[in-house]
Amino acid sequence: MKDNYLLADGTPDTDAISDWAEEYYSSLMRMTEGFFAQANIDDVVASMRNIPFDHLVAKELSGSGEAVVGIAITMVREIAEREVSYIEAYLKLV
């Protein structure tokens, strides 16, 4: 099986992985919008922190190598942390 996230020389294509991570995270959040819109914001933040990104990303990229999966997990975690920090910063203002 061809790994779509490797460059011709076999190194991980970090740009492609980054694009995938952003889209994957956005897709996950779209699935949870209905719940999160109804929930207490503190519960939302706690839920976001407890999403098992390692497991979800590894499962989604099961056909990719360990390096690609590891980079993707790191990127998705960073996106999630960024989003949580935005929410927390907003909550301090209101």
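Our subject is the structure that appears above.
Described in the following lines is the structure provided in the data block. Please read these numbers as outputs of a predicted model, since none were measured by experiment. (Residues numbered from 1 in each chain as written. Predicted model: local features only at pLDDT ≥ 70, side-chain atom pairs only at ≥ 80, totals over all residues. Heavy atoms only, no water.)

## Observations concerning the environment of Ile-73
At step 1: By the element assignment, Ile-73 lies in helix H4 (residues 66-93).
At step 2: Beyond its immediate chain neighbours, meaning those up to four positions away, Ile-73 contacts Asp-54 and Val-57. (Helix = DSSP H or I, 4+ residues; strand = E, 2+ residues; numbered from the N terminus. Contact = heavy atoms within 4.5 Å.)

## Focus on the packing of aromatic side chains
At step 1: Overall, the coordinates contain 3 aromatic pairs when judged by the stated rule.
At step 2: Both rings, one in Tyr-25 and one in Phe-53, keep their centres 6.0 Å apart while their planes meet at 40 degrees; by these two values the pair is tilted. Here Phe-53 lies in helix H3 (residues 53-60) and Tyr-25 lies in helix H1 (residues 14-38), a separation of 28 residues in the sequence. For the pair formed by Tyr-25 and Phe-53, the shared burial category is buried.
At step 3: Ring centres 5.3 Å apart and planes at 50 degrees place the aromatic pair Phe-35 and Phe-36 in the tilted group.
At step 4: Judged by relative accessible area, which is 48%, Phe-35 ranks as partly exposed.
At step 5: Under the relative-accessibility criterion, Phe-36 is labelled buried at 16%. (Phe/Tyr/Trp six-rings, centres within 6.5 Å; stacked < 30°, edge-to-face > 60°. Buried < 20%, exposed > 50% of the residue type's maximum accessible area, 1.4 Å probe, protein only.)

## Quick look at the environment of Val-57
At step 1: Its place among the elements puts Val-57 in helix H3.
At step 2: Judged by relative accessible area, Val-57 falls into the buried class, the value being 0%.
At step 3: Expressed as a C-alpha distance, the spacing of Val-57 and Tyr-24, which sit 33 residues apart in the sequence, is 8.6 Å.
At step 4: Apart from residues no more than four positions distant in its own chain, Val-57 is found in contact with Trp-20, Tyr-24, Val-69, Ala-72, Ile-73 and Val-76.

## Quick notes on the pattern of salt bridges
At step 1: For the structure shown, the criterion picks out 6 salt bridges.
At step 2: Glu-22 is the salt-bridge partner of Arg-82, the closest N and O atoms lying 3.5 Å from each other. Separated by 60 residues along the polypeptide, Arg-82 in helix H4 and Glu-22 in helix H1 bring together distant segments of the chain.
At step 3: A salt bridge links Arg-77 to Asp-54, with the nearest nitrogen and oxygen atoms 2.4 Å apart. Taken together, the residues span a long stretch of sequence, with Arg-77 in helix H4 and Asp-54 in helix H3 at a distance of 23 residues.
At step 4: For Arg-77, a relative accessible area of 41% corresponds to the partly exposed category.
At step 5: The exposure class assigned to Asp-54 is partly exposed, which follows from its relative accessible area of 34%.
At step 6: Several salt bridges converge on common partners, so that one network encompasses Glu-22, Arg-82 and Glu-83. (Salt bridge = Lys/Arg side-chain N within 4 Å of Asp/Glu carboxyl O.)

By themselves, these are just geometric observations and shouldn't be taken as functional.
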